Amino acid sequence: MKKSVLITGGAGFIGSHVVRLFVNKYPDYRIINLDCLTYAGNLENLSDIEDKPNYVFSKVDINDTQRLEQVFNDYQITDVIHLAAESHVDRSISDPLSFVKTNVMGTVNLLNAAKNFWKDLPNHLFYHVSTDEVYGSLDHGGYFTEHTPYDPQSPYSASKAASDHFVRAYANTYGLRMVISNCSNNYGPNQFPEKLIPLCIHNIKEGKALPVYGKGENVRDWLYVEDHARAIDLVFHKGKKGETYNIGGFNEWKNIDIVKLICQIMDRKMGKEDGESAKLITFVKDRAGHDLRYAIDAAKINSELAWSPVQTFESGIEKTVNWYLENEAWLSGVTSGDYLKYYQQHYG
Ligand code: NAD
Ligand code: TYD
């Protein structure tokens, strides 16, 4: 094996796309998907590649020091791509401590395991996958660059900012070879329907209300998840060690406009009258401390690594809606909780 790459959080939304890309594109790498399968982890996301000879799944919590050491030893890990995290801002508002446990303490625990195992391995890489939310909230002008000072505003973004700082501190203090990328909002197949886009698709299918926080004026930059996975592949192989890369979709939307767009697409696909789904839009109490706007300047990854998104928002959102409509079983499994049985049935 050329490399033995530990990908954490590989059963989640973005992680599953990264695992699939690496397993298929690099048959001479061993890919170890390490995930403790929280509510957000779903091994069905990877049912198409689970029998590949270069793929291994390991059900481990990143806070479990002994099990982590064992995985590094058993598989002689050469590199880490770290995505495991608690990822939903609303959950971080109701339960901040679980974000500290996983995103901060879990990351430090993983850093320790990597540092100890890699004492004599000069060519290792610790790649931390992070978010643009660490930079805080923008007004209507300007963009986040790699030099924007950190100013996290939610418990989620504070925990991700802390984990970014720890990764840099391990590079400075212990010589860890690392790279970090900070990406904007992702959308696409396999996203848990608690996030805005899959939530709207699911609720329209079920005829349920579409909760829009505040006036729906908040702006997010959206990137198709496979474009993010391609960027991670590039940063992993070609990114300069010790550096940060911002990844974004050049694609800003107000929440209310996205919700209306999804309503239009769903009307068309479900054979409803124009305007039918939009009747479900319901303005609700705003999220506490709701960041107004995120927008990424992705010039560095564009010029240094020649990355730019392949999907336009029009094609990406169409593909996403189609995927959710065609994968009824995935969606009903996730909403009923049946997906939690997949591990027992296939690995238990
Ligand atoms: P997700 O919530 O869909 O998946 C997270 C995965 O991590 C799940 O499979 C879960 O089981 C696993 N996990 C959680 N706690 C764990 C623990 N203690 N030990 C082992 N595994 C654990 O998240 P996502 O949306 O795919 O995000 C992946 C990463 O990318 C996160 O680090 C997130 O901060 C970052 N990110 C996400 C977005 C986005 O729009 N979703 C944007 C930028 C960056
Ligand atoms: P979300 O998908 O939770 O991602 P993030 O908070 O990381 O940006 O939310 C995207 C935007 O949509 C955010 O501004 C909050 C808003 N939102 C709603 O208006 N209603 C909802 O039900 C959800 C989940 C989010």
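Scroll up a little and you will see the structure.
Fair warning: this is a prediction, and the values are worked out from it, not measured in the lab.

Focus: the sheet that holds strand β2 (residues 29-34)
Then step 1. What the seven strands build is an open sheet, ordered β3-β2-β1-β4-β5-β6-β10; its pairing is parallel. For this open sheet the edge positions go to β3 (55-58) and β10 (244-247), each flanked by a neighbour on one side alone. When the angles between neighbouring strand axes are averaged without regard to direction, this sheet yields 20°.
Then step 2. Examined bridge by bridge, β2 and β3 share four bridges and lie parallel to one another. Bridged to I32 within β3 is V56.
Then step 3. Against the sheet, helix α1 (residues 13-25) touches β1 (3-8), β2, β3 and β4 (79-82), its axis set at about 160° to β2.
Then step 4. Contacts between helix α4 (residues 96-117) and the sheet are confined to β1, β4 and β5 (125-131), with β5 contributing the most and set at about 165° to the helix.

A closer look at the nonpolar core
Then step 1. If you look at the biggest cluster of nonpolar residues, it comprises 41 residues, and the most contacted ones within it are I7, F22, I81 and I301.
Then step 2. Here this core takes seven residues from helix α7 (residues 225-238), the largest share from any one element.
Then step 3. Leaving out residues up to four positions away in the same chain, F22 has contacts with I7, Y29, I31, I81, D233, F236 and H237.
Then step 4. Grouped together as the second largest cluster of nonpolar side chains are 30 residues, I197, I201, L280 and I281 included.

Topic: the site of ligand 2
Then step 1. By nearness alone, 17 residues border ligand 2, and E133, P211, R220, R287 and H290 come closest of all.
Then step 2. Here an oxygen atom of ligand 2 sits 2.7 Å away from a polar atom, N or O, in the side chain of E133.
Then step 3. A distance of 2.9 Å separates an oxygen atom of ligand 2 from a polar backbone atom of Y213.
Then step 4. Relative to its unbound accessible surface of 510 Å², ligand 2 loses 96% to contact with the protein.
Then step 5. Secondary structure elements with two or more residues in the shell around ligand 2: α6 (196-206) and β8 (210-213).
Then step 6. No other element matches the three residues that β8 contributes to the shell around ligand 2.
Then step 7. By residue class, the composition of the shell around ligand 2 is seven nonpolar, five polar and five charged.

Overview of the sheet that holds strand β7 (residues 185-187)
By definition, the strands of a sheet pair up through backbone hydrogen bonds, in either a parallel or an antiparallel sense.
Then step 1. Strand order in the open sheet formed by three strands is β7-β9-β11, and the pairing between neighbours is mixed. Of all the strands in the sheet, just β7 and β11 (252-254) have a single pairing partner and so form its edges. Between one strand axis and the next, the sheet turns through 50° on average, direction left out of account.
Then step 2. Running at roughly 85° to β11, helix α8 (residues 255-269) makes contact with β9 (219-224) and β11 of the sheet.

Calculation rules
- Residues numbered from 1 in each chain as written.
- Chains lettered and ligands numbered in written order.
- Predicted model: local features only at pLDDT ≥ 70, side-chain atom pairs only at ≥ 80, totals over all residues.
- Heavy atoms only, no water.
- Pairing = 2+ DSSP bridges.
- Helix = DSSP H or I, 4+ residues; strand = E, 2+ residues; numbered from the N terminus.
- Axes fitted to C-alpha atoms, helices over the stretch in contact; angles between N-to-C directions.
- Contact = heavy atoms within 4.5 Å.
- Core = buried A, V, L, I, M, F, W, Y, C linked by side-chain atoms within 4.5 Å.
- Buried < 20%, exposed > 50% of the residue type's maximum accessible area, 1.4 Å probe, protein only.
- Near = heavy atom within 4 Å.
- Polar contact = N/O pair within 3.5 Å; in protein donor to acceptor, adjacent residues only side chain to side chain.
- Areas by Shrake-Rupley, 256 points an atom, 1.4 Å probe, with all protein chains shown as cover.
- Nonpolar A, V, L, I, M, F, W, Y, C, P; charged D, E, K, R; others polar.

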